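The residues making up each chain are set out below.
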2 protein chains.
Amino acid sequence: MNILIGQSGGPTAAINASLLGVYLEGRKHKEITHIYGAYNGIEGFIKRNLVLLDGKFDEPQQADLLRQTPSTVLGSCRYKLPPVKREESIYRQIFEILSEYEIGAFFYIGGNDSMDTIDKLSAYGSLIDSPVRFIGVPKTIDNDLMFTDHTPGFGSAAKYVNATVREIIRDSSVYALNSITIIEIMGRNAGWLTASLSLLHKNGEDAPHLIYLPEKPFSVSAFLRDVRAELEKHKTVIIAVSEGIKLDFEDHTDDLRHQVLDEFGHVGQLAGAGKALERVLRREIGCKVRAIELNVMQRCSSHVASLTDIREAETVGREAVVSALSGLTGKMISIRRLSDRPYAVAYEAIELHGVAGLEKKFPAEWINDEGNGVLDAAHDYFEPLIQGELPVKWENGLPMQYVL
Amino acid sequence: MNILIGQSGGPTAAINASLLGVYLEGRKHKEITHIYGAYNGIEGFIKRNLVLLDGKFDEPQQADLLRQTPSTVLGSCRYKLPPVKREESIYRQIFEILSEYEIGAFFYIGGNDSMDTIDKLSAYGSLIDSPVRFIGVPKTIDNDLMFTDHTPGFGSAAKYVNATVREIIRDSSVYALNSITIIEIMGRNAGWLTASLSLLHKNGEDAPHLIYLPEKPFSVSAFLRDVRAELEKHKTVIIAVSEGIKLDFEDHTDDLRHQVLDEFGHVGQLAGAGKALERVLRREIGCKVRAIELNVMQRCSSHVASLTDIREAETVGREAVVSALSGLTGKMISIRRLSDRPYAVAYEAIELHGVAGLEKKFPAEWINDEGNGVLDAAHDYFEPLIQGELPVKWENGLPMQYVL
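These numbers were taken from a predicted model, which means no experiment stands behind them.

Caption draft 1: Representation of the overall build of chain A within the structure. Check the secondary structure of chain A and you find 14 helices and 13 strands. A compact globule built from 404 residues should have a C-alpha radius of gyration of about 22 Å, and chain A, at 23 Å, falls within 12% of that. Viewed in the frame of its principal axes, chain A has a C-alpha envelope of about 70 × 50 × 40 Å. Across the 404 residues in chain A, those meeting the buried criterion constitute 57%. Of the contacts formed within chain A by residues at least 6 apart in sequence, a portion of 76% connects residues at least 24 apart.

This is the structure we're talking about:
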């Protein structure tokens, strides 16, 4: 039989390592003849946009380059399969192409939507008695997938934001005057990546002095009180804020409510939260304020990837192949943590149904009562995930990358 | 005698390496008894905010940490000395403190304003027959100082933006749809840092497809024509734009002129140029557009510093001490390039008078006729400056830093 790999959803620094894991494990098994890649995920597959991967990553040098290349060498998509009842023809088409290419197993590397795709395809597969196996390989910097201790891609993003915010702390505190730096961090509706910055406290930094997550309603009045209190204590105040924080208007004055509405545009959902808060602080407090978005660098900075993360991402890919060959389908490879110290994990193929469509939030018990900080209890969770540095090959002053 | 070191102006990844150079060279000479640092540059010095540095960086491990710590361990200031004629009392005060601490030489690490300070102090020194020597140690990521081939700090910033934009290119091109990514780069009124991205072309990348520098007037009409033309050729268009581009309204329609005024706020000077252009493109072209600011990460990302740059920054510091001890004053240590291949430089103490107040622009002959790209002729200039990676020490998953 042949196997097929697709990548889907937003980029991370670890997706290509998972692709490599599927590939290298696939090459070890005699029953697998060819390994295909689908360009642009299931969307490209439907258009027969396939590439034969055989021989592409066998050399250690090729494999090393692929590991340190961010994003997805196969491209990606944001395509969500319609329900079978509404559009069965697409399912028929997909299984036709699968059979045309003699695909025995399909590995889909992605987040929530990709797990939904795998779930639907495996359900349809059993409906029509197809022998094709479908295995989901998780990835997301948001770390918001259920039933896995964490997701590949998160550790590298957490390492990047911690290393970079430590550098920004040095940069922000050089002048002998009061200033505020707001750093906006990705993560959609989950605060994991922002909360990981509490690791800096464990490593000797006072900052970030305030951390706001989407898991608690965000009140601008309380925010102003928090910032004023920190300015009493520190010359430079560093604030980390999740892109997904949700506005709570309850205790705002009319004037402040108007301001906030002006700045944020929409009630409840903040886009560019950092910039909006910068303008509010400049008006209400008046000292030097700067907002910094870590933007896509959070998810693509492979030059500072976590070795732990890249290795796990590769192993998750390998385990997916092992699971498929053992006859499993409709599963996602999940990481179960066995111990924090020494850090140890096990990999399990878990039921996909129930993963898709749910978001795993940052635990309320790790957020302080004021809703403006993360408790030290979270350190043991985060710490192992950013350990180790991927040894990156540079050429001519630049990190090398693999382009398919 | 004792010597004094101060750091001033905006942070870079290489300022502490220059401090280390002054320190290590200073420790080698018997005639130097103590080495003082001024917190927050000349501003802190006036307040007697001094620290005795003796013994702080003698161990190789301390020195290594200092080299990889971004920004300024001594803090910085933006203070500009008034002319002697207007406020001689400040000069008298400074020379009083210099004599109180038996300072024989003052080394000021900084950009344009800091060179102005050194220039004024040395002029006043000769006026009053002071034996104190004043030497400027250049630094700026903007690379806009006259009479030096380049400035310490620039190479590391250029390495960061090249490595990061290469990663952003991978990140931006994953979907099967047209999209535009605008990357805003620092550099004030000079295009050096933005222009350095042309190195990516030498290393196999098509992108950035368009590069706009402050050295050419920026017409939004021409920009729209350029972008439309690139979208015909590439699915993903990557645009690099200097923060300092200057608006030219000449060939704009009334409607566009209004739009541009709305978006940019001020005529002629752009702040947040990338975001403003994002909104213009979204309205005029309509495809997916994203603006990314590399922000302060450009100047403080020591975890990806250029080894060439850090070594030169240290050497410039050492040369400053050698120059002062040989009796020179009112000089700046300049880097003269002897050859591109093999790359070789010499260090010279040049007359400071005439450096301060001038800006070195990116050469017009290296910009294409359309004003939207950099010619390959610039590669030989940029290439040596980003070579080599500073070996960074990590602990607990994070880059270690020296905090004074």
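Caption draft 2: Examining the interface of chain A and chain B more closely. In this complex, chain A contributes 44 residues to the contact, which on the side of chain B involves 45 residues. When contributions to the side of chain A that touches chain B are tallied by element, the ones reaching two or more residues are helix 2 (41-46), helix 6 (154-172), strand 9 (288-293), helix 12 (297-300) and strand 13 (398-399) of chain A. Per element, the largest residue contribution to the side of chain A that touches chain B is 9 residues, and it comes from helix 6 of chain A. Classifying every residue of the side of chain A that touches chain B gives 17 nonpolar, 18 polar and 9 charged.

Caption draft 3: Focus on the packing of helix 1 (residues 15-28) of chain A against helix 3 (residues 60-67) of chain A. Residues and elements named next belong to chain A. Closest axis-to-axis distance for the helix 1/helix 3 pair is 8 Å, and the angle between their directions is 145 degrees. Residues Asn16, Ala17 and Leu20 of helix 1 lie in contact with helix 3, whose contacting residues are Ala63, Leu66 and Arg67. In terms of residue class, the contact of helix 1 with helix 3 is made up of 4 nonpolar, 1 polar and 1 charged.

Caption draft 4: The environment of Arg290(B), seen in detail. All names here are of chain B. One can find Arg290 in strand 11 (residues 288-293). For Arg290, a count of 18 C-beta atoms within 10 Å puts it in the partly exposed group. Sequence-wise, Arg290 and Lys275 are 15 residues apart; in three dimensions their C-alpha atoms are separated by 8.1 Å. Sequence-distant contacts of Arg290, defined by excluding residues within four places in its chain, comprise Thr181 and Glu278.

Caption draft 5: Local environment of the pairing of strand 4 (residues 103-110) of chain B. Residues and elements named next belong to chain B. For strand 4, the tally of buried residues reaches 7 of 8 residues, placing the bulk of the element in the interior. As judged from the 6 bridges shared by strand 1 (residues 2-7) and strand 4, these two strands associate in the parallel manner. Within the sheet, the bridge partner assigned to Gly6 lies in strand 4 and is Tyr108. Bridge count between strand 4 and strand 5 (residues 133-138): 6 bridges; the pairing is parallel. Counterpart to Tyr108 in the pairing with strand 5 is Gly136. Note on the crossover from strand 4 through helix 5 (residues 112-127) to strand 5: the handedness is right-handed.

Caption draft 6: Up close: the relation of the copies chain A and chain B. The two copies are related by a screw motion: chain A maps onto chain B through a turn of 180 degrees and a shift of 0.0 Å along the axis, at an RMSD of 0.0 Å. The symmetry that links the two subunits is that of a two-fold axis. Both copies share a contact surface, since 100% of the interface residues of chain A are interface residues in chain B too.

Caption draft 7: Inspection of the sheet that holds strand 11 (residues 344-351) of chain A at higher detail. All names here are of chain A. Spatially, the 7 strands line up as an open sheet ordered 3-2-1-4-5-10-11, and their pairing is mixed. Looking at which strands have only one partner, the edges of the open sheet turn out to be strand 3 (50-52) and strand 11. If you compare each strand with its neighbour and ignore which way they point, the axes differ by 30 degrees on average. Taken together, the 4 bridges between strand 1 (residues 2-7) and strand 2 (residues 35-38) define a ladder with parallel strand orientation. Following the sheet pairing, Gly6 is matched in strand 2 by Ala38. Its contacts with the sheet put helix 1 on strand 1, strand 2, strand 4 (103-110) and strand 5 (133-138), and the angle it makes with strand 1 is roughly 175 degrees.

Caption draft 8: A look at the domain arrangement of chain A. Residues and elements named next belong to chain A. Along its sequence, chain A is carved into domain 1 (2-153 + 302-356 + 389-399) and domain 2 (156-300). Relative placement of domain 1 and domain 2: their C-alpha centres are 34 Å apart. Each partner contributes to the interface: domain 1 provides 18 residues, whereas domain 2 provides 14 residues. For the side of domain 1 that touches domain 2, the class distribution of residues is 8 nonpolar, 7 polar and 3 charged.

Caption draft 9: The arrangement of the sheet that holds strand 1 of chain B in detail. Residue and element names in this part refer to chain B. Across the sheet, which stays open at both edges, the 7 strands sit in the order 3-2-1-4-5-12-13 with mixed pairing between neighbours. Looking at strand neighbours, the two that pair on one side only are strand 3 (50-52) and strand 13 (344-351), the edges of this open sheet. Between one strand axis and the next, the sheet turns by 30 degrees as a mean value, whatever way the strands run.

Caption draft 10: Focus on helix 3 of chain A. Burial in helix 3 of chain A covers these residues: Leu65(A), Leu66(A) and Arg67(A). Among the structural elements, helix 1 and helix 13 (307-325) of chain A are those in contact with the buried residues of helix 3 of chain A.

Caption draft 11: Representation of the environment of Arg170(B) within the structure. Here Arg170(B) lies in helix 6 (residues 154-172). Take Arg170(B): there are 23 C-beta atoms within 10 Å of it, and that puts it in the buried class. Spatially, the C-alpha atoms of Arg170(B) and Tyr343(B) are 30 Å apart, while their sequence positions differ by 173 residues. Once you skip the residues sitting within four places of it in the chain, Arg170(B) turns out to touch Thr69(A), Pro70(A), Ser71(A), Cys300(A) and Gln401(A).

Conventions adopted
Residues numbered from 1 in each chain as written. Chains lettered and ligands numbered in written order. Predicted model: local features only at pLDDT ≥ 70, side-chain atom pairs only at ≥ 80, totals over all residues. Helix = DSSP H or I, 4+ residues; strand = E, 2+ residues; numbered from the N terminus. Rg over C-alpha atoms; globule rule 2.2 N^0.38 Å. Buried ≥ 20, exposed ≤ 12 C-beta atoms within 10 Å, placed from the backbone. Contact = placed C-beta atoms within 7 Å. Nonpolar A, V, L, I, M, F, W, Y, C, P; charged D, E, K, R; others polar. Axes fitted to C-alpha atoms, helices over the stretch in contact; angles between N-to-C directions. Pairing = 2+ DSSP bridges. Right-handed = clockwise from strand over helix to strand, strands pointing away. Least-squares fit on C-alpha atoms with pLDDT ≥ 70 in both. Domains from an automatic or database assignment.

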